[in-house]
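# A closer look at the structure
What follows is each chain in one-letter form.
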Amino acid sequence: MIEIRFHGRGGQGAVTSAELLALAAINQGKYAQAFPSFGPERRGAPVVAFCRIDDKPIRLRTNIYEPNLVLVLDPSILRLVNVTAGLRSDGILITNTKFSGEEIKKELGIPHQTATVNATKIAMEELGLPITNTTMLGALLKAREIYSPDHLIEPLNKRFGRIAAKNISAFQRAYKETEVVRDEPEGGAHG
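Figured I'd write up the structure that's included with this text. (Residues numbered from 1 in each chain as written. Predicted model: local features only at pLDDT ≥ 70, side-chain atom pairs only at ≥ 80, totals over all residues. Heavy atoms only, no water.)

### A short note on the side chain of Thr132
Going by this rule: Starting at the N terminus, helices and strands are each numbered in turn, a helix being any DSSP run of H or I of at least four residues and a strand any DSSP run of E of at least two. Burial status follows relative accessibility: with a 1.4 Å probe on protein chains alone, a residue under 20% of its type maximum counts as buried, one over 50% as exposed, and anything between as partly exposed. Polar contacts, as counted here, are pairs of nitrogen or oxygen atoms within 3.5 Å of one another; within protein the pair requires one atom able to donate a hydrogen and one able to accept it, and residues that are adjacent in sequence qualify only if both atoms are side-chain atoms. Contact criterion: two residues are considered in contact whenever any of their non-hydrogen atoms come within 4.5 Å of each other.
Looking at the secondary structure, you find Thr132 in the loop between helix H4 (119-127) and helix H5 (133-143). Accessibility expressed as a relative area gives 1% for Thr132, which makes it buried. At 3.0 Å, the side chain of Thr132 and the backbone oxygen of Leu73 are in polar contact. Apart from residues lying up to four places away in sequence, Thr132 is in contact with Gln12, Leu73, Asn96, Ala119, Thr120 and Ala123.

### As for the packing of aromatic side chains
Cut-off, in case you're wondering: Any Phe, Tyr or Trp ring, taking Trp's six-membered ring, that has another such ring centre within 6.5 Å forms a pair; planes under 30 degrees apart are called stacked, those over 60 apart edge-to-face, and the others tilted. Definition used: whenever NZ (Lys) or CZ (Arg) falls within 6 Å of the ring centre and also within 35 degrees of the ring normal, the charge is taken to sit over that ring.
Per the counting criterion, the structure on display carries 1 aromatic pair. The ring of Tyr175 has Lys142 sitting right over it, with the charged end atom 5.5 Å from the ring centre.

### Digging into the nonpolar core
Our working definition: Here the nonpolar core consists of buried residues drawn from Ala, Val, Leu, Ile, Met, Phe, Trp, Tyr and Cys, with membership extended through side-chain atoms lying within 4.5 Å.
If you look at the biggest cluster of nonpolar residues, it comprises 41 residues, and the most contacted ones within it are Phe6, Leu21, Ile94 and Ile146. Tallying contributions element by element places helix H1 (residues 14-27) first for this core, with 7 residues. In terms of nonpolar packing, the next biggest core, distinct from the first, is built from 9 residues, Val70, Ile77, Leu78 and Val83 among them.

### Focus: the layout of surface pockets
Note the cut-off: In the cavity and pocket records, a cavity denotes points on a 1 Å grid over the protein atoms alone where a 1.4 Å probe fits but cannot get out, a pocket denotes an open set with protein on both sides within 12 Å along at least 5 of 7 lines, and lining residues are residues with an atom within 4 Å of a point. Grid points are joined across faces, edges and corners, and a volume is the space filled by probe spheres set on the points. When residues are grouped by polarity, Ala, Val, Leu, Ile, Met, Phe, Trp, Tyr, Cys and Pro land in nonpolar, Asp, Glu, Lys and Arg in charged, and all others, Gly among them, in polar.
For the largest pocket, the calculated volume is near 180 Å³. Taken together, Gln12, Gly13, Thr16, Leu127, Leu129, Ile131, Asn133, Phe160, Ile163, Lys166 and Asn167 make up the lining of the largest pocket. Partitioned by chemical class, the residues of the lining of the largest pocket number 5 nonpolar, 5 polar and 1 charged.

### Looking at the sheet that holds strand E1 (residues 2-9)
Here is the rule: A pair of strands is labelled paired if DSSP reports no fewer than 2 bridges between them. Every angle, taken between N-to-C directions, lies between 0 and 180 degrees, and every axis is a line fitted to C-alpha atoms, over only the stretch in contact when it is a helix.
A sheet is described by the order of its strands in space; here 7 strands give the open sequence E2-E3-E1-E4-E5-E6-E7, paired in mixed fashion. Each end of this open sheet is capped by a strand with a single partner; those strands are strand E2 (31-37) and strand E7 (179-181). Neighbour-to-neighbour, the strand axes of this sheet turn through a mean angle of 15°, independent of strand direction. Note: E1 against strand E4 (residues 69-72), 4 bridges, orientation parallel. Pairing of Phe6 across the sheet is with Leu71, part of E4. Seen against the sheet, helix H3 (residues 101-108) touches strand E5 (92-96), strand E6 (113-117) and E7 and runs at an angle of roughly 120° to E6.

Right under this line is the structure:
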């Protein structure tokens, strides 16, 4: 089972991202669930959403405490919330930032693999709005190909209708522009 935790702010589409990722998996015959963790949040307040994907039925109904992947839609969240809490040792932090993966690892002091993309810039250029949810899905699928990016096109078309083309363009561009920093093998690059 793959477990993903999404961190964003109210109104940025973290919940929509989780739902789209799950829908694309279900369309392929997999099992998936997507759900938010809501309190008294309002637009702009930090929010968390979750997604699970598996080849067999999913019986869990709890929040995700030890995710394989953590997706951060808003770079300011990195300084407000410990986004890597519970992230598995082989997990990947995927974040919207103008900084490189190595810079993020050093700044946050994290040992995890990272994937970074300037999703805000892409969203502004492709959508005209700083809403990074579809953009960050491109980064997520680049960091870990849960399934082919092509499988997300139909859910994007259904969800966004007349503005789907812009969202698909942002998604595809982020997939291409995402930098993934993998762990080095034991002994370093030449060991």
